Amino acid sequence: MPSTFAAPRDCEHNWEAVSMVFEGQLLDREGRVVVRQPDPRKGRVYFICRGCASHTYMTTQWLGCRMYGSEDAIPEEH
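Keep in mind it's a predicted model, so treat the numbers as computed, not measured.

Each value, and the rule that gives it
- Residues numbered from 1 in each chain as written.
- Predicted model: local features only at pLDDT ≥ 70, side-chain atom pairs only at ≥ 80, totals over all residues.
- Heavy atoms only, no water.
- Patch = residues over 30% accessible without salt bridge, like charges linked within 9 Å, V, L, I, M, F, W, Y side chains within 5 Å.
- Areas by Shrake-Rupley, 256 points an atom, 1.4 Å probe, with all protein chains shown as cover.
- Salt bridge = Lys/Arg side-chain N within 4 Å of Asp/Glu carboxyl O.
- Helix = DSSP H or I, 4+ residues; strand = E, 2+ residues; numbered from the N terminus.
- Buried < 20%, exposed > 50% of the residue type's maximum accessible area, 1.4 Å probe, protein only.
- Polar contact = N/O pair within 3.5 Å; in protein donor to acceptor, adjacent residues only side chain to side chain.
- Contact = heavy atoms within 4.5 Å.
- Disulfide = S-S within 2.5 Å.
- Pairing = 2+ DSSP bridges.
- Axes fitted to C-alpha atoms, helices over the stretch in contact; angles between N-to-C directions.

Asker: Break down a nonpolar patch on the surface for me, with residues and values.
Answerer: On the surface, Leu26, Val34 and Val35 cluster together into a nonpolar patch covering about 250 Å² of accessible area. Within the secondary structure layout, Val35 lies in strand β2 (residues 33-49). Look at Val35 and you get partly exposed, because its relative accessible area is 33%.

In structure tokens, the structure reads:
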């Protein structure tokens, strides 16, 4: 069992997004995840700090998506 850690105790976190998922979670009495299922209304973006290996997440929501296509083209002037 290690008695020291390589990660610094004090760190000015530089958060980096690593993944995003839209899902709902069912938890047991101890707060452990029992079931994960897709949910378009609940999202989490997960972050890590490479400097100290800390991790966290923030909740988000679906606002929509726009895929650019021919209707977004700017007409050229001849």
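Next comes the rest of the write-up.
Asker: So what's going on with the side chain of Glu23? Which residues, and what values?
Answerer: Inspection of the secondary structure assignment puts Glu23 in strand β1 (residues 15-27). With relative accessibility at 18%, the residue Glu23 sits in the buried group. Polar contacts involving the side chain of Glu23 include one to the side chain of Gln25, which spans 3.0 Å. In this view, Glu23 contacts Arg36, Gln37, Pro38, Asp39 and Lys42; residues no more than four positions away in its chain are not counted.

Asker: Break down the state of the cysteines for me, with residues and values.
Answerer: Applying the stated criterion to the full structure yields zero disulfides. With no disulfide of its own, Cys11 lies closest to Cys49 among cysteine sulfurs, the gap being 3.7 Å. Looking at Cys52, it has no disulfide partner, and the nearest cysteine sulfur is the one in Cys49, 3.8 Å off.

Asker: Give me the lowdown on the sheet that holds β2, citing residues and values where you can.
Answerer: In space, the three strands of this open sheet follow the order β1-β2-β3, with antiparallel pairing throughout. Single-partner strands in this sheet number two, and they are β1 and β3 (55-60). Geometrically, the sheet is characterised by an average inter-axis angle of 40° between neighbouring strands, direction not taken into account. Here six bridges tie β2 to β3, and the two strands are oriented antiparallel to one another. Paired with Arg44 across the bridge in β3 is Thr59.

Asker: A description of the environment of Glu30 should follow, citing residues and the corresponding values.
Answerer: Looking at where Glu30 falls in the secondary structure, it is placed in the loop between β1 and β2. Accessibility expressed as a relative area gives 57% for Glu30, which makes it exposed. At a separation of 2.9 Å, a polar atom in the side chain of Glu30 contacts the side chain of Arg32.

Asker: Tell me about the pairing of β2, and name the residues and values.
Answerer: Pairing analysis gives twelve bridges linking β1 to β2, with the strands arranged antiparallel. Its bridge partner lying in β2, Val21 is registered against Arg44. In textbook terms, the turn of a hairpin is the stretch between consecutive antiparallel strands, and for β2 and β3 this stretch comprises five residues, one of which, Ala53, has a positive phi near 70°.

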